Amino acid sequence: MGALRVKRKHDARRASARVLVALSRTTLLQLALLLGSMLFALPFLWLLATSFKQLDEIFRDPPTWIPDVFRQRPIVLSNVFQNFIRAAEFIPFWTWLWNTFYVTAMNVVGNVTASSLVAFAFARIRWRGRDAVFILVLATLMLPQQVTMIPQFLIYNKLGWYNTLKPLWFGALFGSAFHIFLLRQFMLTLPQDLIDAAKIDGCGYLRIWGQITLPLMKPALAVVAIQTFRGAWNNFLGPYIYINTKSKMTIALGLQWFQSEQGRMYGEMMATALVMTLPIIALFFFCQRYMIRGITLTGFKA
Amino acid sequence: MSIVRGGICIIFLLPFCALHVAAAEREETTELHVWGLNMGYPRAGWLAVVAEFERRRPEIDVILGPADRGSDLQKLLCGVVGNAPPDVFKREANLFGDIASRGILMPLDDFIEADRSREDGLHENDYKPGVWESCRGSDGHMYAVPEATNALFLAYNKDVFREAGLDPERPPRDWQEWQDYARRLTLRDENGRVRRIGTMIHAPYMEDDLVFYIAQLGGNVLSADGRTCLLDGPEALDALTFIVETIQVTGGRRAFDDFAKWQEGLGTWPLGQGHVAMSVTGHSVLGEILRRGSEADIGMAPVPAPTGRKPITTSARHGLYLIPTRARHPDEAWDFIRFAAGPEGQIVFLEALAEDRAQMAERAAKQLEQQARLAEARGDPSRAGKLRDKAQARRQWQGETYPGFRANAKTQRLLQQKFIPRHPVVSANYKRCAELIQEMAFVPIPRSPVYAVIRDECQRAVDRALYGEMSPKEALLDADRRVQEQLDAYFGRERFPLFPWRYAWSTAVAIAGAACLFFWWRSREERARTSLQRYENRMGLLFISPWVIGFVVFIAGPMLFSLAISFCNYDVIHPARFAGLENYAFMLFNDPLFWKSLWNTAFMVLALPLGMSVSLLIAVLLNTKVRGMRVYRTLFYLPAVTPAIAAAVLWYGLLNPDGLLNVGLRRIGIDNPPSWLGDARWSKPAIVIMGIWGAGGGMILWLAGLQGIPKQLYEAASIDGAGRLRQFRSITLPMLTPYVFFALVTGVIGVFQIFAQALVLTRGGPADSTLFYVYYLFNNAFRYFKMGYASAMAWILFLIVLIATLIQWRLSRQWVHYE
C-alpha cells in the first residue's frame, strides 16, 4: 500500500517534471529560433534600414537601426522614400521590372511545359532506347554551363539575338535536365492504373499528359515552377553577357550596373536591392509548404 | 474565386503590357547609341548635352548605354561581334591601347580631315601634342578624340602639414622627400593602429600605378616595337621597390588596405578629414571640396619625380570618344562627338551641371535648416547653430562647379573665362593645376593588344611584393614572363595553321552518327514488334523532342565547338588558328594563376560541410512544432532568396573595414578585426561567412528529408530508451544520408560556379585571393579575349566535376543508407 502511494507520488512528480521539461524545451527552442533567426535576419534588417538612410548616416558610428527620416517629426513621405525616388530617377526601374518579369514568366512556362513533357516520355511511355537517353540526360547535369557559354553566345549572335531578351529564356523551352529528372521520379509514384484506364478509353498520350498527369502533379510542378522562378529572377551571368542597353536590362544586371557606375549612391542601391528581393520573399512566404512538400514527394532517393 | 484572382492578376499585369506596347511604338528616328557618359555626379550635365544635341538634330534620338568601368569593354567586344555595337563609345584611356589594336575601332582620320574646313570642327592644333598623339593606334591611324585631360597630381592637406611642423607651401619634390614626409606624417595610436596615413601612393581606380612610376623613371613597359616586355628591366625594379617601401613606411599593407578601401569611398573623404595627409589623385579633389563644402585647406602639386627628373603625368585617365567598327550611324556619331567634345557642348554641360549643383545645395541646406529648427524645438541650441552653419556653407559653396580641364585648348579657354570658382581653395588650386597641365609632359600609355594583361600583371606584381609573397624582383620576373607569353602568342599566332572547320565538323557528325547507331543496336531487344509498340516509339520520340533539339543545338553542338576551339588560338574577331595542345600545356605547366584559382575554389569546397551543418542545424530547429514557424522559416530562408547580386551589394557594406560586422566585433572586445575583403588572408573566409548566411537555401532540402523520416522509428527508439542525441545519431543522420549525398554533389558543382561574389565584391583581389575558377575563366574569355584558353579551362572544369562526382558516387556506397 505504502509502496504504491510512494510510487504514485513519484509518478506525479515525474509527470510534473515532464511537463516542466517540455515547457522549458519549447521555451528554449523558441529562444534558439528567435536568436538564430535574428542573426540571419540582421544583415537583411540592415539592408532595410540602409535603404532609407542618407549617405552620411549609413557610415555613422555607432550604426543606427532606425533611420533619421523616421525619427523626424512630422514624418515626410517624400523624405522617407527619397532613396527610392532618386533611384527611380536614375534607372528605368519599371522597364527593368517588366523585363525581369517577362523573362521569368517565359522561363517558368517554357520549363514547366517542356520538362513535364519530356519527363512523361521517360516515366510513362515505353520506347526504344529510353534508358540510354535517360542516362544521357543525367550526364548533362554535371556539365558546367561555362563549357557551352561561349559557343552559345556565338549561336545567339548568329541568330541576331544579341542584346535581346530571347537568349535569356529560349533555352528553357527545351526543359532542364534536373527538373526532368525530378518530375520523372514523381510521375513514377503515380498509379499506373489511371493511365491504363485512360488508354483503354482511347485517350492519346497528349491528353493523358495534359488531363491526367499534370493535375495530379501539382505539388511537383509547383516546385519546378518556384525553382525556375528563383533562378530566372536572380540570373546574372546571362544578362551580363547578352544585354548591353539599359532599356533591356533585368534588375539583377541593373543592380550591378548601378553598383559599378554609381558607387556613391549606396542608399539608392540598397533601395533597389530591397525592391528586387521583396517579390521572392513574398513568393516563399506563401509557397513554402509546396516547396518543402514537393521535394519530399519527389523522393529523389532512388 | 478564381475569377477574382484572375482579375487581380490581369489588373496587375496591365501596366506592364502598356509599358511594353509603348516601348515598341516609337521608332522612325535615327537611334544613336551612346555609351559611357558618366551618369553619376555629372549626370545633369550630360543629359543637357544630349537634349541640346537632340534639339539641334531632331531626326536623331540619342539612347544612352552602360558606363560601367568594369564590364564596358567586354560589352563593347560582344557588341561588335554581335553586330549591336554603340555608335559612340566614351571611355577613360587606360585600356585604349588594348581595344585600338584589336580591330574593333573605326579610324577617325577621314572625319578629322573633313573637319579642317569647319569652323566648329575638331582641329589637331587645338590639342597638346602628347595628348593628341596618345589617341593614335600603333598603325598610325587616329582611333579616338580626347575630351578631358585628367592629369595625376599630389593633393595634400595643408592643415596636417602645419600640425606636423612642415611648410605647407613646400610639398615634397622628389621620391626621397616624399618618403620622408610620408613617414613623418603617419600617425599611430597607442595600440599601434594607424590613425593617419602619410601618403596614398595609389590613386583610386588607378590600376596601372606601376606603369606610371616606371614612366617617371624614364622607362617603359614595352620595347619600341611593342613585342618585348621590359618588366624585367631596372626601371621596373626601382619603381616597384619604391612603391613597396613607401607603403611600408606608412604603416604597411594593412593600413594601406584599410585606407585604400576607405578612399574608394563610401561617403567618407579621408584626405579632407585629415586621415590621409597626401594622396596621388586626379583633379576631382576640387569637386570633392565643393561638393562637401569642406573647410579643409588642400594643396595640389605635381606627383614627386625621382631625383633629377621632371614631373610627368600619364594619359591613362583622359576621357576619349571612340567609334566602333560596324557602328550603324558613324556620321551622326561624329556629329555628336564634335558637339559634345567641342566648346558648345561643354558649355551646355557645365551650365546644366552648375544649375543642378545649386539646386541640390539648396535642397540640402533646406533639410539642414529643418533639422536645426527641430533641434531648437528640442532645446539644443548649440547643435542647431552647428546645423545652421553647415547649411550656410552648403548654400555658399556646394552650388559651385569648377570647369575641369579640357584637352581642346579653345574649349578650355572659353570655360576658364566663363566659370571661375569663387571658393578660395578651389580657385587657387584650379589655377595651379591648369599651369601644371601646361608644364607637365603626358606620357602615353603603351598601345598594345595585351595591355589588359600588362595592367593586371603589374597590379599583381605590386600585390605580391606587398604581401611578401615574393621579392619585388621575383614578382617582376614572373609578370614579365607572363606578359611576354601573351605577346608571343599574339604576334606569333600567324605561325599556326587556320583551323580546319570542315574536317572538324564532318568528323564530329560521323562520331555522333556512330554513337547513335551503337545505341540503336544496343537496344535491339526493345525493337517494336506490334503496332502499339511502334505507336509508343513514335510518341516517346515526339515527347522527348524538345529535349533532344535543345541537347543537339545548345549542349552537344556547343560542347563540340568549345572542344574544338580549346585547341585553338581564338579571339572571336580573327579566324581561329589550330594551336594543338598549347592551351592545355600552358594551363597545366605554365600558369600559376590557374592553380591559384583552383586552390581558391578548393578552399570553398572545404568550407562546404560548414555551411551544410549550419543549414542542418537550422532545419532540425525548424522541424519542430512551435508557434510562428512560418515566420521563422521565412526569416531563415530570407538570405537564400536574396539575389546573389543584392546580397553582394549588401555584404560589400557589411564587410567594409568600418562596416557593421567590424563595429560589432569591436563592441565585443576584438580591437583589431580583419579588414575582410581588403586582406588576402581574410577575403575567402569573408565569402564563406557570406555563404553561411545563405545556408537557409539548403535548409529546405533537409526539412524535406527530416519530414520524410517515419515517426515510428523515433517512437520505437524512445521505447527502447534512446535519448534525443542518440536518436539523432542513430536514426536521423543515417536516414538523411541520401540528402547529404545529394547536397554534397550539387554543392561541389555549385561552388565551382562562384562568380557574382568575385565580380561585385573583390574583382578577384586582393593578391588573387578571391580569383575563383569561373571568374578567371570569364576574365580570359571576355577580358583578354582568349576564347580558346577559356574553353580549355571549361573542359578541365568539366573533367574535375566529373571526377569529383564519380568519386563521391563510389564512396557513397559505403555511407549512404537507402531504404
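Residues numbered from 1 in each chain as written. Chains lettered and ligands numbered in written order. Predicted model: local features only at pLDDT ≥ 70, side-chain atom pairs only at ≥ 80, totals over all residues. Heavy atoms only, no water.

## What about the overall build of chain B?
No. 1: Secondary structure summary: chain B contains 34 helices and 14 strands in total.
No. 2: A globule of 819 residues ought to have a C-alpha radius of gyration of about 28 Å, and chain B, at 31 Å, matches this closely.
No. 3: With respect to the three principal axes, the spread of C-alpha positions in chain B is 95 × 75 × 65 Å.
No. 4: Looking at the 819 residues of chain B, the share that counts as buried comes to 58%.
No. 5: Relative to all contacts within chain B whose residues are 6 or more apart in sequence, the contacts with residues 24 or more apart total 76%.
No. 6: Total accessible area computed for chain B in this model is approximately 35,300 Å², and 59% of it derives from carbon and sulfur atoms. (Helix = DSSP H or I, 4+ residues; strand = E, 2+ residues; numbered from the N terminus. Rg over C-alpha atoms; globule rule 2.2 N^0.38 Å. Buried < 20%, exposed > 50% of the residue type's maximum accessible area, 1.4 Å probe, protein only. Contact = heavy atoms within 4.5 Å. Areas by Shrake-Rupley, 256 points an atom, 1.4 Å probe, with all protein chains shown as cover.)

## Considering the sheet that holds strand β8 (residues 276–281) of chain B
All names here are of chain B.
No. 1: Pairing is mixed across the open sheet formed by five strands, whose spatial order is β6-β7-β8-β5-β9. Of all the strands in the sheet, the pair left with one neighbour each is β6 (187–188) and β9 (298–302).
No. 2: Alignment of strand β5 (residues 153–157) against β8, held across four bridges, turns out to be antiparallel. Its bridge partner being in β8, Phe153 is matched across the sheet by Thr281.
No. 3: Running at roughly 140 degrees to β8, helix α8 (residues 175–185) makes contact with β5, β6, β7 (194–200) and β8 of the sheet. (Pairing = 2+ DSSP bridges. Axes fitted to C-alpha atoms, helices over the stretch in contact; angles between N-to-C directions.)

## Some words on the domain arrangement of chain B
Residue and element names in this part refer to chain B.
No. 1: When its domains are assigned, chain B resolves into domain 1 (2–149 + 318–342), domain 2 (153–315 + 442–491) and domain 3 (592–815).
No. 2: The C-alpha centroid of domain 3 is placed 37 Å from the C-alpha centroid of domain 2.
No. 3: Counting residues at the interface gives 21 residues for domain 2 and 23 residues for domain 3.
No. 4: Approximately 1,900 Å² of surface area, both sides summed, lies buried where domain 2 meets domain 3, with 43% of it carried by carbon and sulfur atoms. (Domains from an automatic or database assignment. Buried area = accessible area lost by both parts, 1.4 Å probe.)

## Topic: the pairing of β7 of chain B
All names here are of chain B.
No. 1: Burial analysis of β7 places six of its seven residues in the buried class, which makes it a mostly covered element.
No. 2: Bridge count for β6 against β7 is two bridges, and the pairing is antiparallel. Considered in β7, the bridge of Leu187 is made with Arg196.
No. 3: Connecting the antiparallel pair β6 and β7 is a turn made up of five residues, with Gly192 showing a positive phi of about 85 degrees.
No. 4: In this sheet, β8 lies alongside β7 in parallel orientation, the contact comprising three bridges. Across the sheet, residue Thr199 finds its bridge partner in β8, namely Met278.

## Quick notes on the sheet that holds strand β11 (residues 319–322) of chain B
Backbone hydrogen bonds hold the strands of a sheet together, and the pairing may be parallel or antiparallel.
Residues and elements named next belong to chain B.
No. 1: Pairing within the open sheet is mixed, and its five strands lie in the order β2-β1-β3-β11-β4. Since the sheet does not close on itself, it has two edges, and those belong to β2 (60–64) and β4 (145–148), each with one partner. Adjacent strand axes in the sheet meet at a mean angle of 25 degrees, parallel and antiparallel pairs treated alike.
No. 2: Taken together, the five bridges between strand β1 (residues 30–35) and β2 define a ladder with parallel strand orientation. In the strand pairing of β2, Val34 is matched with Leu64.

## Some words on the interface of chain A and chain B
No. 1: Between chain A and chain B, the residue contacts involve 119 residues of the former and 131 residues of the latter.
No. 2: Summed over both sides, the interface between chain A and chain B buries roughly 11,300 Å², with carbon and sulfur atoms accounting for 72% of that surface.
No. 3: Our enumeration of links across chain A and chain B arrives at one salt bridge.
No. 4: The salt bridge partner of Glu536 of chain B is Lys199 of chain A, with a shortest N-O separation of 3.6 Å.
No. 5: The interface formed by chain A and chain B contains four residue pairs in polar contact (both at pLDDT 80 or more).
No. 6: Taken together, the residues of the side of chain A that touches chain B break down into 79 nonpolar, 27 polar and 13 charged. (Salt bridge = Lys/Arg side-chain N within 4 Å of Asp/Glu carboxyl O. Polar contact = N/O pair within 3.5 Å; in protein donor to acceptor, adjacent residues only side chain to side chain. Nonpolar A, V, L, I, M, F, W, Y, C, P; charged D, E, K, R; others polar.)

## Considerations on the packing of aromatic side chains
Geometrically, a pair of aromatic rings is defined through the distance of the ring centres and the angle of the planes.
No. 1: Within this structure, the stated rule accounts for 54 aromatic pairs over all chains.
No. 2: Relative to Phe170 of chain A, the ring of Trp161 of chain A lies with its centre 4.9 Å away and its plane at 75 degrees, an arrangement referred to as edge-to-face.
No. 3: In this structure Trp161 of chain A comes out as buried when scored by relative accessible area, which is 17%.
No. 4: A ring pair is formed by Phe174 of chain A and Phe554 of chain B, whose centres lie 5.6 Å apart and whose planes are at 40 degrees; its orientation type is tilted. With Phe174 of chain A in the loop between α9 (166–169) and α10 (177–188) and Phe554 of chain B in helix α21 (residues 531–565), this residue pair bridges two chains. This pair shows no difference in class: Phe174 of chain A is buried, exactly as Phe554 of chain B is.
No. 5: Through successive ring pairs, a cluster of aromatic residues spans Phe153, Tyr156, Trp161, Tyr162, Trp169, Phe170, Phe174 and Tyr242 of chain A together with Phe554 of chain B.
No. 6: The ring of Phe134 of chain A is capped by Arg184 of chain A, whose NZ or CZ atom sits 4.0 Å from the centre of that ring. (Phe/Tyr/Trp six-rings, centres within 6.5 Å; stacked < 30°, edge-to-face > 60°. Lys NZ or Arg CZ within 6 Å of the ring centre and 35° of its normal.)

## Some points on a nonpolar patch on the surface
Residues and elements named next belong to chain A.
No. 1: On the surface, Leu34, Met38, Leu42, Leu45, Leu48, Trp65 and Ile66 cluster together to form a nonpolar patch covering roughly 590 Å² of accessible area.
No. 2: Within the fold, Ile66 resides in the loop between α2 (55–58) and α3 (68–71).
No. 3: By relative accessible area, Ile66 is classed as exposed at 52%. (Patch = residues over 30% accessible without salt bridge, like charges linked within 9 Å, V, L, I, M, F, W, Y side chains within 5 Å.)

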